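Here are the chains, one letter per residue:
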Amino acid sequence: MADYRKQGDVAVLHANNPPVNALSYHVRQGLYDGIEAAEKDPSVKCIVICGKGKTFPVGADIREFASGSAKKFPNLIEVCDKIEACTKPVVAAIHGFALGGGLEISLGCHYRIGGTSCKVGFPEVNIGVLPGAGGTQRLPRVIGLKPSLDIITSGCHVGAKEALKLGILDKIVQGDVVTEGIKFAKSVQNQPLHGRRVSTMAVPDVSQANALCNSAMAEVKRKSSGLLAPVACVKSLRVAAQTPYKDGIKIESALMLQLMTSGQAKALQYAFFAERLASKWQVPGGASHATVTPRPVKSCAVVGGGYMGSGIVMCILNAGLPCILVEANQKFLDRGIKMIQGLYAGSVKLGKMSEQDAKKTLSLLKPTLRYEDLKDVDVVIEAVFEDMKLKQEVFGKLDKVCKKDALLCSNTSTLNIDKIASATRRPDRVMGMHFFAPAYYMKLLENIRGAETSPQTVATVTQLSVKIGKVPVLVGNCHGFVGNRMMAPYTTEAQRLLEEGAYPHQVDQVIEEFGIPIGPLKVGDLTGLDVSWKITREVSRMLGLDHTKREDVEPFGLYFPVRNALYEKGRLGRKTGAGFYKYEKAGSKVAIPDPLVMDIIDHHCREEGIDRRRIPPQEIYERCLYSLINEGFKTLEEGIAARPEDVDIIWLLGYGWPRYTGGPMHFASQIGLRRLYGRIEYYHNKYPDRDHWTPSRLLKTLSQQEHPVPLAQWGQFASTTSRL
Ligand SMILES: CCCCCCC[C@H](O)CC(=O)SCCNC(=O)CCNC(=O)[C@H](O)C(C)(C)COP(=O)([O-])OP(=O)([O-])OC[C@H]1O[C@@H](n2cnc3c(N)ncnc32)[C@H](O)[C@@H]1OP(=O)([O-])[O-]
């Protein structure tokens, strides 16, 4: 709703819908009625629109798109037009964020003032729609087409200073924005309004409209190929330059309607809410984010200053927390410090940070070679090599020197967290924190709860994860957890396809066309074939297998003959300039299909007596993606992942799965679970020796329901108890 009050001859309208004042039906109705009441009241001379609590409205209520309430009278277009048509001056007083529909409301106002830290923007492209309440028609009339194209197609926020420079804001104010808004409104209450109604203005750079829109269209098609919303934004902005507002708004509405019902918008909006759900955890016994109070974390330490460790240190420092970095020797410690300093220097050079801020942040870092220096820290994150013996050694040492209630976390990507915890006398205060590389950039944190990890440890680690800017997803303990476990069948199928008839570039092309930015074999080259070779050897050892014997490893999905042949020839991937592809030079990013690799593959097939066949792209697509999805269902049925939304967030934020499909689980729901199950069963019959094709029981059950089960209810069909 919106609160209406009078202060002297000023009517103040507060949008009141915590926490972010989304413009749901009651808020729109309140604003509409408020304007009408103020207009009718002869004692009111001017009006201020603002937001209650922490922000101005941040946009339409996204949940209303699916329910249809967004179109109910008064819709957002009608509210903005009502405000603009008001015969008394209306001032938007912005604090916090004015985004999407919130910015549209303020562009409907005759004046806009903002607090020093306010931000404005049109993030609609991120959820698959466009600023459909006049945003594409009014913004270019205020600031011109060029900056409007940038703001609307990028979805980026604009700070107060920049907004003032562009002309979105008329004034930046210090202190309470509503008080200042009232003062400002009084100062303009006798000014004529005809020059202040944005819809009547002309677009200033209209003469360049064609050139600007053509180049923006080419840019959005290059950057976000296949995405509907950015293309529609450019179309709608072009219309603003060519047509009067009353016609332009109709075209904008038609484009908005098409987008709102698109699968992409549904998937992107699903991802928006899934991301916010991720940190809301619950564990068996009922303890949850809502019931457990986290312990305060005032200082952290990181063990290991390699690429991952240094990145983790930076996340902690960026959050304003002191951090100790421990290394085994001076050479490694110096290398870690240099890497961290270099990255901050880079940020300063790129203008992302001031030199002073970089210095201040770096002053929070304390490098050391002595474990004893960790005696007072609240949380330690270990980031040494992925080697159980080494990790246990480190945890044993940490357990001795750290205070009793300190939490000990491991940045492991695959190893058993309970085994690591067994090296300590505090398994209840041990957890996995699986960061993704580069750790200072990637938003995902897969947090692993061990069998004895206490709810308070989960609460504290979750809170710390959010504080350091991550999206934490709580998962259970198993080999590879959720993300890497699902990765295994995907890469296995990609490699097995090579033996049956495909070449690396054919496999990668199908996956990249689907929307994953780098295909699985290019990822292999990026990671290093020696690294994956060693992982295969280690996992085989752990399972008591001889990694050189096909009959040993094949049933476990650990047989990669092409990779092994390349490894033995010294083709270790990008770093050596040759792997599944060739590269112009070592370290180069451009992967070139290599006839030599094709010969190696052909030779292997001849030796094994394999008749190579043409593999259709659809088969590549299904074998790589459906095997991964099947594994995702298994993590749900085993209670390793708590919700399908969590699986999706892991793949969206950690592995480059295309956001406009919503993630593997959402994508599965779009394929249809009956059809998906049928294809997985088909491959299971074709490849009975490959365990990853055994259909998930949960998927089977869901596929047999008479009506499709909504994704949010899949958990009710997972029979196993949660292993979180
Ligand atoms: C015929 C006419 C047709 C209609 C035309 C409409 C045209 C219009 O242009 C379309 C839009 O405005 S599209 C909209 C364009 N605007 C956007 O896309 C802005 C999206 N929002 C954001 O970017 C961030 O929320 C902020 C940066 C605002 C705050 O970040 P922060 O401080 O980290 O907070 P947080 O954790 O992120 O959110 C807190 C809680 O609020 C919830 N919630 C948030 N926004 C919501 C919304 N719009 N809705 C509903 N709910 C929304 C969020 O789920 C969470 O709920 P929980 O239950 O507590 O978990």
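In this text, all values refer to a predicted model and were calculated from it rather than measured experimentally. (Residues numbered from 1 in each chain as written. Predicted model: local features only at pLDDT ≥ 70, side-chain atom pairs only at ≥ 80, totals over all residues. Heavy atoms only, no water.)

Asker: So what's going on with the overall build of the protein chain? Residues and values would help.
Answerer: From N to C terminus, the protein chain includes 30 helices and 17 strands. Since a compact globule built from 724 residues should have a radius of gyration of about 27 Å, the 28 Å found for the protein chain is in line with a globular shape. Along the first, second and third principal axes, the C-alpha atoms of the protein chain reach 90 × 60 × 55 Å. The proportion of buried residues among the 724 residues of the protein chain is 56%. (Helix = DSSP H or I, 4+ residues; strand = E, 2+ residues; numbered from the N terminus. Rg over C-alpha atoms; globule rule 2.2 N^0.38 Å. Buried < 20%, exposed > 50% of the residue type's maximum accessible area, 1.4 Å probe, protein only.)

Asker: Any details on the domain arrangement of the protein chain? Residues and values, ideally.
Answerer: Under the domain assignment used here, the protein chain contains domain 1 (2–260), domain 2 (300–475), domain 3 (502–608) and domain 4 (630–721). Centre-to-centre separation of domain 1 and domain 2, based on C-alpha positions: 43 Å. (Domains from an automatic or database assignment.)

Asker: I'd like a rundown of the pattern of salt bridges, residues and numbers included.
Answerer: By the definition in use, this model includes 48 salt bridges. In this structure, the salt-bridge partner of Lys6 is Asp41, at a minimum N-O distance of 3.0 Å. Of this pair, Lys6 sits in strand E1 (residues 2–7) while Asp41 sits in the loop between helix H1 (25–40) and strand E3 (46–51), and the two are 35 residues apart along the sequence. The exposure class of Asp41 is buried, given its relative accessible area of 19%. With its nearest N and O atoms 2.9 Å apart, the salt bridge here joins Arg485 to Glu631. Residue Arg485 is located in helix H19 (residues 483–500), and its partner Glu631 is located in helix H26 (residues 617–637); the two are separated by 146 residues in the primary sequence. There is no split in this pair, since Arg485 and Glu631 are both buried. If you follow the salt bridges from partner to partner, you end up with Glu493, Glu500, Arg613, Glu619, Arg623, Lys686 and Arg690 in one network. (Salt bridge = Lys/Arg side-chain N within 4 Å of Asp/Glu carboxyl O.)

Asker: I'd like to hear about the UniProt feature "domain: 3-hydroxyacyl-CoA dehydrogenase C-terminal" (unreviewed entry) in the protein chain, residue by residue, with values.
Answerer: Feature annotation in UniProt places "domain: 3-hydroxyacyl-CoA dehydrogenase C-terminal" (unreviewed entry) on residues 480–583 and 621–706, given in this structure's numbering. Counting secondary structure, residues 621–706 comes out at 66% helix and 0% strand; the distance between its end C-alpha atoms is 28 Å. (UniProt positions renumbered as here; feature names shortened; annotations may be inferred.)

Asker: Mind laying out the site of the ligand, listing which residues take part and the relevant values?
Answerer: Taken together, 29 residues surround the ligand, and among them Ala60, Glu104, Glu124, Arg276 and Lys280 come closest. The separation between an oxygen atom of the ligand and a polar main-chain atom of Gly101 is 2.8 Å. A distance of 3.3 Å separates an oxygen atom of the ligand from a polar atom in the backbone of Gly132. Compared with its free state, where it exposes 1100 Å², the ligand has 77% of that area covered by protein. When residues in the shell around the ligand are grouped by element, the largest group, 3 residues, is from helix H12 (residues 263–277). (Near = heavy atom within 4 Å. Polar contact = N/O pair within 3.5 Å; in protein donor to acceptor, adjacent residues only side chain to side chain. Areas by Shrake-Rupley, 256 points an atom, 1.4 Å probe, with all protein chains shown as cover.)

Asker: Give me the packing of helix H5 (residues 135–143) against helix H6 (residues 145–154): which residues, what numbers.
Answerer: In the contact formed by H5 and H6, the axes pass within 7 Å of each other and the chain directions differ by 135°. Compared by their axis directions, H5 and H6 come out oblique. Relative to H6, the crossing made by H5 is right-handed. Residues Gly135, Thr136, Leu139, Pro140 and Ile143 of H5 form the contact with H6, whose own contacting residues are Leu145, Pro147, Ser148, Ile151 and Ile152. Residues of the contact of H5 with H6, tallied by class, amount to 7 nonpolar, 3 polar and no charged. (Axes fitted to C-alpha atoms, helices over the stretch in contact; angles between N-to-C directions. Parallel < 35°, antiparallel > 145°, perpendicular 65-115°, else oblique. Left-handed = near helix turned anticlockwise from the far one by under 90°. Contact = heavy atoms within 4.5 Å. Nonpolar A, V, L, I, M, F, W, Y, C, P; charged D, E, K, R; others polar.)

Asker: Give me the lowdown on the UniProt feature "domain: 3-hydroxyacyl-CoA dehydrogenase NAD binding" (unreviewed entry) in the protein chain, citing residues and values where you can.
Answerer: The residues that UniProt annotates with the feature "domain: 3-hydroxyacyl-CoA dehydrogenase NAD binding" (unreviewed entry) are residues 300–477. The distance from the first to the last C-alpha atom of residues 300–477 is 24 Å, and the span holds 40% helix and 21% strand.

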